[in-house]
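Next come the chains, spelled out residue by residue.
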Amino acid sequence: MAEPDGEAADPAAALAQTAQAMYSRDADSKLIDQRLLIVRPRYSRLTMCDRPDMVNGHHIGHGGYLFTFADSTFAYACNSYNRNAVASACHIDVLRPAREGEVLEAECEERSLSGRTGVYDTTIRNHHGQLIALFRGKSYRIAGEVIAGLEADDGDPLAAGTAASELEGNPQ
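Criteria and cut-off values
All residue numbers refer to positions counted from 1 along the written sequence of the respective chain. Totals for whole chains, interfaces and linings use all residues, but because this is a predicted model, local features are given only for residues with pLDDT of at least 70 and pairs of side-chain atoms are given and counted only at 80 or more. Values reported for side chains reflect all heavy atoms of the structure, with hydrogen atoms and water molecules removed beforehand. A run of H or I in DSSP counts as a helix once it spans at least four residues, and a run of E counts as a strand once it spans at least two, with each numbered from the N terminus. Partly exposed residues are those whose accessible area sits between 20% and 50% of the maximum for their type, while under 20% is buried and over 50% is exposed, using a 1.4 Å probe and protein chains only. In this description, contact between two residues means that some pair of their heavy atoms is separated by no more than 4.5 Å. Any Lys or Arg side-chain nitrogen located within 4 Å of an Asp or Glu carboxyl oxygen qualifies as a salt bridge. To pair, rings of Phe, Tyr and Trp, with the six-membered ring standing in for Trp, must have centres within 6.5 Å; the planes then decide the type, stacked if under 30 degrees apart, edge-to-face if over 60, and tilted in the middle. Two thresholds decide whether a charge sits over a ring: the Lys NZ or Arg CZ must be within 6 Å of the ring centre and within 35 degrees of the ring normal. Two strands pair if DSSP finds at least two bridges between them.

Caption draft 1: Layout of the overall build of the protein chain. On a plain count of helices and strands, the protein chain comes out with three helices and seven strands. Each helix and strand of the protein chain, ordered N terminal to C terminal, gives the series α-α-β-β-α-β-β-β-β-β. Taken over 172 residues, the protein chain has a buried fraction of 40%. Across the protein chain, contacts joining residues at least 24 apart in sequence account for 67% of those joining residues at least 6 apart.

Here it is, written out as structure tokens:
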């Protein structure tokens, strides 16, 4: 999509708008204080603190919150093309407990994208860099765009400008 003056749209600006639009509609991410650190095509990184109200009866981080955190990170990566994508399957392996008060960081990377389906791996680590969980999500593209009318990327990693496009910081 071209800008009114005839120049191509800025891919980084489009990506920033997409991530901000998703976050503005994502009540769950806001409820558990997830923060966007980086979103770029095929990749996202978020952070979250394991709060006292997020621990289970064993006084360790509840697995449901870890799954939600990984799933949100996956969502930002697979929707980074401005094409609506949803989860078709997800799996998590919790390798060590998250502790109350720990700052967790989740990083998601695309492993495969073919047609309407993608495979994404998310790792969750604590603030010491220790691996907490491994999550694999499979995406399926549905009709529409995250922001209707905004230029969408069809996932071609060689498309002009997408490799360096990145949103850093917290748009919240």
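There's more to say after this.
Caption draft 2: Spatial organisation of the pattern of salt bridges. Throughout the structure, instances matching the rule amount to seven salt bridges. Among the ionic pairs, Arg111 bridges to Asp121, the shortest N-O distance being 3.0 Å. With Arg111 in strand β4 (residues 103-114) and Asp121 in strand β5 (residues 117-125), this residue pair connects regions lying ten residues apart in the sequence. A relative accessible area of 17% means that Asp121 is categorised as buried. We note a salt bridge from Asp121 to Arg136, for which the minimum N-O separation is 2.6 Å. A residue pair is termed long-range when its members are at least 10 positions apart, and Asp121 in strand β5 and Arg136 in strand β6 (residues 131-141) qualify at 15 residues. A relative accessible area of 39% places Arg136 in the partly exposed class. Put simply, Glu109, Arg111, Asp121 and Arg136 are held in one network by salt bridges that share partners.

Caption draft 3: Molecular detail of the packing of aromatic side chains. A full pass over the atoms with the stated rule returns three aromatic pairs. Between Phe74 and Phe135 the ring centres are 5.9 Å apart and the planes differ by 55°, which places this aromatic pair in the tilted class. In this pair, Phe74 sits in helix α3 (residues 63-78) while Phe135 sits in strand β6, placing the two residues 61 residues apart along the sequence. Accessibility expressed as a relative area gives 1% for Phe74, which makes it buried. The structure contains a cluster of three or more aromatic residues connected by ring pairs, namely Phe67, Phe74, Tyr120 and Phe135. The ring centre of Tyr43 lies 4.0 Å from the NZ or CZ of Arg40, which sits over that ring.

Caption draft 4: The arrangement of the pairing of β6 in detail. Where strand β3 (residues 85-94) and β6 come together, nine bridges link them in antiparallel fashion. Residue pairing for β6: Ala87 is matched across the bridge by Ser139. As judged from the nine bridges shared by β5 and β6, these two strands associate in the antiparallel manner. Counterpart to Ile124 in the pairing with β6 is Ala133.

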